[in-house]
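Residue-level listing of the chains:
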Amino acid sequence: MAASGTALAGLVAFGLFGVGCSSGGTGTRDEGPAGSQPVAQITPQPSPSGTTPPVRRVDAVRLLKSDPKVGERVREGLKPCAGKAYPIDTSYGSMTGGRTADVVVNVMSCADSLSVGTYVYRADDDGSYKNVFAAEVPAVYGTIDRGDLVVTTQVYGSKDPLASPSGSEVVTYRWASDRFTEHDRVHNDFSRAVEGTDGDLPVQSEPVEPESEPADEPAQPGRN
């Protein structure tokens, strides 16, 4: 009788375990795959409505040489300074709201590293690039600042050396109606009050410890 009861209890327990595994509610399958099985991982994709478009690297030299808006003087002077390195700075960022990042190219001279031209290219739907901004004046440089195009131009007087301009013009452009329009302009006049110092600051001397005063001699008896 005891053996029969034990066997019956075992069958009932096995039956309950089988029902729990086959039910779709809270069986052991709800815990996920076993540890030995690979788990699929999903890489998040950037949202199409995001503010950061993908960056596609461009051949800036080829882009400039094939651009009819680039002046002949700049195009002819576009040569490597040393080896195969061209005097070009390239920046990528979102300014025009295109699907691909815009490209800002600054061209400099090899002799004095002075920027001679700033150009902005916008990617078309077919993958080509279109020149949407060009400035070819001495000492001009373009940057991308929080979605705006900021162009800085150094201002020189008739007797100003190359390293000491009289001031600068900082113009901020924003993209509107398929073109850049001026949004803000700042003019800076540089001071000439410190000319002749070569911009060197006075050398700070090492701190000198103050001399300690001699201690008062103890009074001797019999002396006033």
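One can find the structure itself at the top, above this paragraph.
Residues numbered from 1 in each chain as written. Predicted model: local features only at pLDDT ≥ 70, side-chain atom pairs only at ≥ 80, totals over all residues. Heavy atoms only, no water.

Draft legend 1. Molecular detail of unusual backbone geometry. Although it is not a glycine, S113 adopts a positive phi angle of roughly 60°. Here S113 is to be found in the loop between β2 (102-108) and β3 (115-123). Residue classification places S113 among the exposed residues on the basis of a relative accessible area of 55%. Despite not being glycine, S177 shows a phi value in the positive range, around 55°. Structurally, S177 can be placed in the loop between β7 (167-176) and β8 (179-189). (Helix = DSSP H or I, 4+ residues; strand = E, 2+ residues; numbered from the N terminus. Buried < 20%, exposed > 50% of the residue type's maximum accessible area, 1.4 Å probe, protein only.)

Draft legend 2. Expanded view of the packing of aromatic side chains. Counted according to the given criterion, the structure contains three aromatic pairs. Relative to F180, the ring of W175 has its centre 5.0 Å away and its plane inclined at 75°; by these criteria the two rings are edge-to-face. Feature note: the residues F133, Y173, W175 and F180 constitute an aromatic cluster, connected by ring pairs. (Phe/Tyr/Trp six-rings, centres within 6.5 Å; stacked < 30°, edge-to-face > 60°.)

Draft legend 3. Summary view of the nonpolar core. Counting 15 residues, the largest nonpolar core has L64, I88, V105, V107, Y119 and Y121 as its most contacted members. Among the elements of the structure, α2 (60-65), β2 and β3 are those that each provide at least two residues to this core. The biggest single contributor to this core is α2, with four residues. Excluding residues that lie within four positions of it along the chain, I88 makes contacts with A60, V61, L64, L78, V105, N106 and M108. Formed by twelve residues, the second largest nonpolar core is a distinct cluster that contains F133, V140, L149 and V151. (Core = buried A, V, L, I, M, F, W, Y, C linked by side-chain atoms within 4.5 Å. Contact = heavy atoms within 4.5 Å.)

Draft legend 4. Structural detail: the state of the cysteines. Evaluation of the coordinates by the stated rule reveals one disulfide. Each sulfur in the disulfide pair C81 and C110 lies 1.8 Å from the other. In this structure the cystine formed by C81 and C110 twists about its S-S bond by roughly -85°; its chirality is therefore left-handed. Of this pair, C81 sits in the loop between α3 (72-76) and β1 (88-93) while C110 sits in the loop between β2 and β3; the two residues are 29 residues apart in sequence, bridging distant segments of the chain. Exposure remark for C81: the relative accessible area of 40% places this residue in the partly exposed category. (Disulfide = S-S within 2.5 Å.)

The quantities given are spatial measurements derived from coordinates; they are silent on function.
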